[in-house]
Each structure stands twice: as C-alpha cells, then as structure tokens.
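The residues making up each chain are set out below.
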Amino acid sequence: MKNKRALFAVPYVVWMAIIVVIPILIMAVYSITTEEGQLTTENFTGMGLYLSVFTRSFWLAIIATVISLLIGYPVAYWMSKEGPGFQRVAMALIMLPMWINFLLRTYAWMSILENNGLLNQLFQVLGIIKLYNAVTGQNIEYFQMIRTPGAVVLGMVYNYISFMILPIYSVLSKLDHSLVEAAQDLGADSFEVFRRVILPLSLPGVLSGVTMVFVPAVSTFAISRLLGGGTEMMLGDLIENQFLGGAYNPHLGAAISMVMMVIVLVCMVVMNHFGEGEEQAVML
Amino acid sequence: MKKRPGIGGRIGIGIAFLFLYMPIFLLIIFSFNQGESSAVWQGFSFHWYAELFHNRLVIESVATTLLVSLVATAISTVVGTFASVGLYSMGRRWREGLMTVNNIPMMNADIVTGVSMCLFFVAFFSGWGSFAGWVNSVQHVIVLPDRLKLGMATLLIAHIAFDIPYVILNVSPRLRQMDKNLVDAAQDLGCTWMQAFFKVILPEIMPGIVSGALIAFTMSIDDFVISYFTAGSSTQTLSMTIYGMTKKRVTPVVNAVSTIIFVVVLVVLIVNNVREARLEARGERQHRDHPKLDAIREYLGSPKSRWMKRGVALVCVVAFVTVVSMLTAFTNSQPVVNVCSWGEYIDEDLITEFEEATGIRVNYQTAESNETLYSLLKSGGADYDVVVPSDYMISQLIEEDMLAEIDYNAIPNFSLIDDRFKNLPYDPENKYTVPYTWGTVGIIYNTTMVDEEITSWSSLYDPKYAGQVLLIGNSRDAFGIALNYLGYSMNTTNEDEIREAYNLVKEAYDRGQFQGKVMDEVFQAMEGGNAAIATYYAGDFLSMQENNEDLAFVIPEEGSNWFVDAMCVLKDAPHKENAWKWIDFIASTDSNLRNMDYIWYASPNTEALEKYPEWYEEQYEEPLDEETYNIIAAPPETLERCEMYVVLPKHIRELYNELWIDLGI
C-alpha cells in the first residue's frame, strides 16, 4: 500500500467480497449439487438437452451485434466529425431513451410489428402488400413480423445499439487528428486513411461495444418473450424458467448461469488483451 | 482542421435517431389516446394522466423506483468515489486485481447477477433464521427477527452493487489524468492527507463523479432484470409493474408516467446543454486548474471556509435523514396482508374498500400460472399470506405441507359457499381452502377468420389454420387438451398416452401450426385480431369479447377441463389474522357479485351466483344475455363433459416438464 488513502477502498473491498464474490460462490455450489445436497455433475452434463437454446441465443445475439456494429459505427463516426454543440446534443439524445423503461419501448414495438399493427397498416395503405401478392402470386394479408426471430433481433438492436455507439464515439472523438493529416500528407486516400489509421485506432471502442451489446443480447429474456411470442426460447428465458418460471430447478439454472459467466469472462479477457475499451464505454 | 461530414452523415444520424425514437413517439402519442388501445387512435384526451393519480400500483412503483435509484446512487457515488481514490493509491498489482472483481457485476449478464444475488440472499436469510432462533432462545433481552425476506433492503443492496462499478469507472480515469504533484504540493503547504483529498483531489475529479452518478442513476432507473430477482413479493419497481402488465394489457397510464419522466429529463438535459454551451462560449471551462494552489493557500487561512464546510455537511445530513426516514415510513408501520393472485383477477375497488374498512394494507401481486406461483413459493423469495392457486396445485401444496389450516371461525362468509364447491378432491376435508372462482377452459376463435363453426379441439391441430393458432403457455393445459382430444383422461398417468399427446402437439408445433405460446398475452393477440384460434378460460373470453365482438367461445364436444381457484393461506404466512379478514371479505356475496361482474369468472357463492342476472340488470339497466351467463357459469350438463385436474405424481410432473421444454427448443 502506497499511502493512507488506500484505506479509502477498504469498505468497498469488503463489500465486494460479500456482495459480489460470495453470491457467485453460492451459485457455483448450487450448480454442482442436487436438491438433496449431493454433489453432481448432472446439471452440466444434462445441459446437452438445451443445445438448441444455446445455439439460438448465440446466433441471434451475434446477428444483433453485427447489425448494431454496422449501424452504430457509421453513426458514431459521423457524430465525431460534427461540431461540439451538435455532439453534445447527439450524446444527450442517445442517453435519453434509457429513461423510458425498456419494456415499454419494446412493448411499443409490439404494436408496430403486430399483424394488424402500424407497419402492416402502412404497407396496406401504400399497396406494398398488394404488390407483393402480385409479384409472388401469393395471397397474404400481412407480413408476419412479430413472433419471429427477426423481431427478437430487432428488439435487441433497438435496445442495445446505444452501447455500441457510445464507446466507438468516445474513442473516435479523442482520436488524434494529426495522425489522419499525416497519413493524408503521405498520400493515403480517404479509404486508406480509414482502413489503416482510423479503424485500427478505434478498435478498442469497437471491442467494448461488441461486448456491451453481445452480453445483454445473449442473456435477454424479456425481449424474446415480448417480440418472439414465447416460441423463440433463449438462454435468459431458460434461466428465468428455472428460478421463477414453470420448470422450477435452481440447480440447473445456476449451472446455466455459470456457463454464461464463463463466456463473459472469456469476453473480458479477450477485451483486456486489446486495451481499456470497457472504461470508455461507460464514460460520459 | 477536421472535415465536417457531408449531408450524407447527417441523414444517417437522422435515420438512426428516427429508429431510436419512433417507438418513443408512438408511446407518447398513445398516452393521449382516448381509448385503451396502443394501436388504434380513438381521439385526444388527457384522461390517462388524470387516472394516473388514482392508480396506486403505478404511483407506488414510481415512488419505489425513484427512492431506490436515488438512495442507491447517493450511496454508491460516495462509496465509489472513496474506493476509486483508494484503488488509485494502491500498488498496481492490487489495483488491477480489484478492478477485475469490480468489473464483474457490470460485465456479467444481468440475469446472472440477479440470480446469484437472489441465491445469496435466500441462503443468508436461512442462515440468519437459525442464528436468530438460537440467539432468541439463549437470551431474552433483544428479540431478533427470525424471518427475513426479499424486499426494499435487498433491492437497494442489489442496486448499489451494480451502481458502484459505474461510478468507479468514471472517476478512475479522472484520477489518472490528475497531476500528482498537486497533491504533494498541497501537503507541502500544510494540508493533512485528508485535507489534500477534500481540497485537491475531490474538485479535480468532480466531473467524473458527476457523470458516474448520472450513469448510475440512469442504470438504476432502467434496470429490470436484477430488480426482478431481488425485490421479492412486496416491493415493486416501475419496470416490474410494467413487466406484469405487458403480459396482459399495458394500461396507457404507464405511457403517461413515462411521458412525464421523459419530458422532465428532456428539460433537464436542455437546460444543462444551454448552460454548458454558454460556459464554453465564455471560455470559463479552460485553465481553471492554475489558480488552485493559491486558492488552497488562501483557504487554509480563512475561517469562513469552516462554516461553509459545516453548512454543506448539515445539508447532507438533513438530506440523508429525510431519505432514511422516508424509506422506513415507506416500508412498514401499517398492518398488511400480502396477496398473490392472477392478472386482472379482481375488481380493484374491492382492495381499496377493504383497506378503508379495516386499515389493513393489501400488497396485491400477480403470478402468471400455477407453475410460476409454485416456483415463487419454493424459491423462498416471496412472503405471501394468501394465494389463489387452482385445484391440482392446491393438492400439490398440501402434499408438500406448504399450506396452513384455515380458521373457519374467523371466516363466517364461508357458509355462503355452495356445497358443490366444498370438499372437492383436492381438499377432501376442506381444511385449507375457500373457493374464489370456478370456470372452464374452451376454444376462443375469431369468427371473421374461420369460415366454420368450431366445435372440436381438432381445429387446433388442423393444418388449415397453420400459423393462426395460439398454444396455451403451460404444460398442464396444453397436454391436457391434447389428451382430452385423443380420448384419454386429462389426469392419466400412463406415459404412453402422455407421449402420444406430446407427439400430437410437437408435430403441429414443428410444422408451424402455432403462432405463439401464450398465457395472458392471448388478450392482446385475440383482441387485435392477430390470431384466429386460441384456448383460454371462459371468463377471460368475455373480457376479450368486450373489446372485439367477433370473438366466439365454445367448450368442445370432446369435453374440457373445469377448475376451481381457491384462496389458501401459506403455512409460514406472517399475517394470518389479516389473511382471514381478507378471505372473509372476498367470500361475501357483495364482493362475489362485483368480482364476477368485473372478471366474468363464476362465483362459488350460492347467493351471488343466483342473484347475478338480477344484479346485472339493476346495474346496467339491461338484461344479462343468457348465453353469457352460461359461459360464465357452465350449466351442469356441460360440466358433466368436463374433467377436473388432480395432482399428478412427481415422476409424471417431471415428464410433463421435460416434454414441455423439449417442445420449446
């Protein structure tokens, strides 16, 4: 310890030990025991049954992360090139939706995507449905959007895209512009500049954005329920189901949670390897 | 100079914001809607805002949310700031190790954090229970409470736990940017290390603290998953209230609340932005570090500063005391009864009336299905007094010794319950139950979407209706219906029969017969004409029909399930006396009439059941449709075709579970 001020951290270290570390240990104990308290590995070996839930969760979360990146990166890039006033307002506008409960926002999407919802009504008015029927020779009255995997992905992108934009923006806005100028002076065209200067420098932001979208997306349970119509079971639903849902089995739930935690730890290690991305993500 | 982006960039940003704000605008627009729909505009009105002030559930959950978020933010900002300074002052190795632990709650999926904390609290409570029992048995000076439950306190702890990392991550970089010589210089000038902290470090890292607190507060407000697992049964945040509603119907009242919050935050942001822009324009934000050492020198010699400091401290103390007293006033003091029932299963005026008559506060919560209720009870997080499970679940709860024998002397209105609903197989000696409602399950269909009269379960599996059918979202009903259709008993324990029923459902499921697997979501789907056929409860059909006249109901020719939901008191209920009062109140003829009218489920109260058509005519000045009455209270010849569920043996329940999960994946 360097000096007395290090003691300031003592209460927090004690707190972390009790509230962060011990619960995880308890969860670990749950995951390797049965209801009767005997040791078992069944909770992990039996997880094979849910392989399709794992693959679905990962698959949808990966798609959502990629889409968020594809939308979020350009937005962050354009924002970082605007004037300071514009940037400040844009930042505020990105934070603002978080003040409306995410369940309500997702619920609003339900009324947009329903078979009789606003989007289908719009398509009807614009004649798009008629056009589709004429072109494909089918006879549909609406596009089935809600209760599909696509709707779940949309919900994820919608809810988590801010977590992609913020860290990338934060890195880009601190970018040393003289590097760009130097590259230009050395004859790089704008694509070259982007590919060889801007993109590599913004990688920490991208990585932290990717983790911050991927982790909540892979574990979501309310979004899949609201927009997926209960048929697109995801890891989050599976865990919730073991604790507060129909299939009461906290030991299995704990085991699945442990697996998820390991995945997150791997993500963290990978990220730490590339630098201090995470910290930028949550800074205003 | 930086190159400004072209018009393309601005359009891109514009489209992204449109995407981000489209649902929000929609939500705001529909908070002014005359009707209850969130898709059809029925005229402008402020009445949801007026209603907001009468909706106790929403108001209380907003208050809980704000209180928890504010207190959690305040505590975590202080703790987090000190912790960051402490961590900053440590050696590199220590710091990095601790920072990794610090990142865990933030990086972990919310659900993992929530689950681990829930398990921790429950384990701690049971440990505490034995400890307190032991302490109370060896001494009688202090009596320790031996039953702790999830609630406001655990919710607060959980929120603090996930807020602190955000504060630390915002403060730490500021510390690293700080000129270390400043601290040394201050100490050379005579500051103690404590003073150096307050005079030099704190002002330097203030922007980080502010943004950390802001993010922590936002995260607290927005959180749902962690609260969901740690708040228990008697505390509800706004997110949890909304989650409960999204299953059935979200009342536009919550749209109104959100609109108000949105506007307030918007105004704050605008004011803040304008202020910052002004400061920036004046250049006041630059170079404010340089005069700092002079200021310290001056400060150390000034007596005024002491008063300033004391003033600030006083304000802090007053604020803290207010919050704490609010917190305690909020959490206890009044006698309460905790009730857990199903969604939209009571005329809510009855709750207010009971509270006014007895002074007992009713914490009214809802569960989604019998199986969910069972999980809630088993996980130990809930402290309900009265629950309203269905027949088969009651037998299971009795079997597992979870129910208390009811003191019928305290419930005189029990005598009004029809003998048909007493001593039923689930409670043969009628020691544990007072019936609440009874009813049937049937097919609900949209007459404009099918071109025949539906009379059989077969239409659920008919490829003609592929993608138009909603499967009922619990294993007992879904497989029970299939068993019934195949001509087997709904209570069969023959595994082959159950598997046959499963195969029937599975085969239909795999070819896309079912649009979704729903419980209370069925309301929105059927009312909006988004699905043609569903199976649900008769009473709920009548509620749906009020909003969509094209719906029809039938109890199929094969027969169906009839059920009784009854009020039970849990063995370890903390407020048994209040529970008897509540049950007696609900069993009265007047309550039964009003409940029946409100939820359209049949009453087990003889008088209420008989008098209802008359009562209806008096209330609404038009006679009650006989068909409607027969749907509410199925006539005996229909009931003869129906079967009541009985509890299945454990291995069959496990089979149901396994098959059910197998279906979903």
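Residues numbered from 1 in each chain as written. Chains lettered and ligands numbered in written order. Predicted model: local features only at pLDDT ≥ 70, side-chain atom pairs only at ≥ 80, totals over all residues.

S.K.: Any chance you could explain the overall build of chain B here in plain terms?
M.R.: Per the secondary structure count, chain B includes 27 helices and 10 strands. C-alpha atoms of chain B, sized along the principal axes, occupy 95 × 75 × 55 Å. Counting only residues that meet the buried cut, chain B has 45% of its 665 residues in that class. A separation of at least 24 residues holds for 78% of the contacts in chain B among residues at least 6 apart in sequence. (Helix = DSSP H or I, 4+ residues; strand = E, 2+ residues; numbered from the N terminus. Buried ≥ 20, exposed ≤ 12 C-beta atoms within 10 Å, placed from the backbone. Contact = placed C-beta atoms within 7 Å.)

S.K.: Explanation requested: the overall build of chain A in the structure shown.
M.R.: What chain A contains, in helices and strands, is 14 helices and 0 strands. Written out in order from the N terminus, the α and β elements of chain A read α-α-α-α-α-α-α-α-α-α-α-α-α-α. Referenced to the eigenvectors of the C-alpha coordinate spread, the extents of chain A come out at roughly 70 × 65 × 35 Å. When the 284 residues of chain A are sorted by exposure, 49% land in the buried category. Summarising the internal contacts of chain A: among those between residues at least 6 apart in sequence, 73% fall at separations of at least 24.

S.K.: Just to check I follow, could you spell out the packing of helix α4 (residues 92–107) of chain B against helix α6 (residues 152–177) of chain B for this structure?
M.R.: Residues and elements named next belong to chain B. Between α4 and α6, the least distance of the axes is 8 Å, while the angle of their chain directions is 120°. The angle between α4 and α6 falls in the class oblique. For α4 against α6, the interelement crossing comes out left-handed. Within the contact between the two elements, α4 uses Asn 102, Asn 103, Pro 105 and Met 106 and α6 uses Ala 161, Phe 162, Pro 165, Tyr 166 and Ile 168. When grouped by side-chain class, the residues that make up the contact of α4 with α6 number 7 nonpolar, 2 polar and no charged. (Axes fitted to C-alpha atoms, helices over the stretch in contact; angles between N-to-C directions. Parallel < 35°, antiparallel > 145°, perpendicular 65-115°, else oblique. Left-handed = near helix turned anticlockwise from the far one by under 90°. Nonpolar A, V, L, I, M, F, W, Y, C, P; charged D, E, K, R; others polar.)

S.K.: Hey, could you run me through the environment of B:Thr100 in this one?
M.R.: One can find B:Thr100 in helix α4. Sequence separation between B:Thr100 and B:Lys576 is 476 residues, and the spatial gap between their C-alpha atoms is 47 Å.

S.K.: When you look at the pairing of strand β9 (residues 560–569) of chain B in this model, what are you seeing that I'm missing?
M.R.: The side chains of a regular strand alternate between both faces of the sheet. All names here are of chain B. Within β9, 10 of the 10 residues are buried, leaving the element largely enclosed by the surrounding structure. Residues Ser 560, Trp 562, Val 564, Ala 566 and Cys 568 of β9 are buried on one face, and the alternating residues Asn 561, Phe 563, Asp 565, Met 567 and Val 569, pointing to the opposite face, are buried as well. In the sheet, strand β3 (residues 386–387) pairs with β9 via 2 bridges, with the strands oriented antiparallel. What sits directly across from Val 387, in β9, is Cys 568. Sheet topology note: the β9/strand β10 (residues 642–643) ladder contains 2 bridges and is parallel. Each residue of the ladder has a partner; that of Asn 561, found in β10, is Glu 643. (Pairing = 2+ DSSP bridges.)

S.K.: Please clarify how the interface of chain A and chain B should be interpreted in this entry.
M.R.: Interfaces are often sized by the amount of accessible area the parts lose when they come together. The interface is formed by 94 residues belonging to chain A together with 98 residues belonging to chain B. Considering only residue class, the side of chain A that touches chain B consists of 64 nonpolar, 18 polar and 12 charged.

S.K.: What exactly am I supposed to notice about the nonpolar core here?
M.R.: Within soluble globular proteins, side chains that are nonpolar generally end up buried alongside one another. The biggest cluster of nonpolar side chains holds 262 residues, and the ones touching the most others in it are B:Val115, B:Val386, B:Ile444, B:Trp582 and B:Ile583. A per-element tally of this core places helix α8 (residues 149–173) of chain A first, with 16 residues. With residues near it in sequence (within four places) discarded, B:Ile444 still touches B:Met526, B:Ala534, B:Tyr536, B:Phe541, B:Met544, B:Leu551 and B:Phe553. (Core = buried A, V, L, I, M, F, W, Y, C linked by C-beta atoms within 7 Å.)

S.K.: What exactly am I supposed to notice about the confidence of the model for chain A here?
M.R.: Reading predicted coordinates in detail is not appropriate for stretches of low pLDDT. Taken over all residues, the pLDDT of chain A has a mean of 86, while the share at 70 or more is 94%. Overall, residues 277–284 of chain A carries pLDDT values under 50, and its contacts beyond four positions in sequence, including any with other chains, amount to 33 contacts. (pLDDT = per-residue confidence, 0-100.)

S.K.: Whenever I open this one, unusual backbone geometry confuses me. Can you help?
M.R.: Residues other than glycine predominantly adopt negative phi, and peptide bonds predominantly adopt the trans conformation. Residue and element names in this part refer to chain B. If you check the backbone angles, Glu 344 has positive phi at about 45° while not being a glycine. Its location among the elements puts Glu 344 in the loop between β1 (336–342) and α14 (348–358). Since 19 C-beta atoms lie within 10 Å of it, Glu 344 is described here as partly exposed. At Glu 621, a position not held by glycine, the phi torsion is positive, near 55°.

S.K.: Any chance you could explain the packing of helix α1 (residues 10–31) of chain A against α4(B) here in plain terms?
M.R.: Relative placement of two packed helices is described by the angle separating their axes and the distance separating the axes. One way to put it is that α1(A) packs onto α4(B) with a least axis distance of 10 Å and a crossing angle of 45°. By the criterion of interaxial angle, the relationship of α1(A) to α4(B) is oblique. Along this stretch, α1(A) crosses α4(B), giving a crossing that reads as left-handed. Counted together, A:Val13, A:Met16, A:Val20 and A:Val21 of α1(A) and B:Leu98, B:Val101, B:Asn102, B:Ile104 and B:Pro105 of α4(B) form the full contact between these two elements. Class assignment for the residues of the contact of α1(A) with α4(B) results in 8 nonpolar, 1 polar and no charged.

S.K.: Quick question: what am I supposed to make of the confidence of the model for chain B here?
M.R.: All names here are of chain B. Taken residue by residue, chain B gives an average pLDDT of 86. The fraction at 70 or more is 91%. Note on residues 284–291: pLDDT under 50 across the span, and 3 contacts to partners over four residues away in sequence or across chains. The complex model carries a pTM of 0.85, and its ipTM stands at 0.90.

S.K.: Explain the pairing of β1(B) here, please?
M.R.: Residues and elements named next belong to chain B. In terms of burial, β1 is a largely internal element, 6 of the 7 residues being buried. Pairing of β1 with strand β2 (residues 361–367), which is carried by 7 bridges, proceeds in the parallel orientation. Considered in β2, the bridge of Val 337 is made with Val 362. Handedness of the crossover joining β1 and β2 through α14 is recorded here as right-handed. One ladder, built from 2 bridges, connects β1 with β3; its direction is parallel. Looking at β3, one finds that Cys 340 is bridged to Val 387. (Right-handed = clockwise from strand over helix to strand, strands pointing away.)

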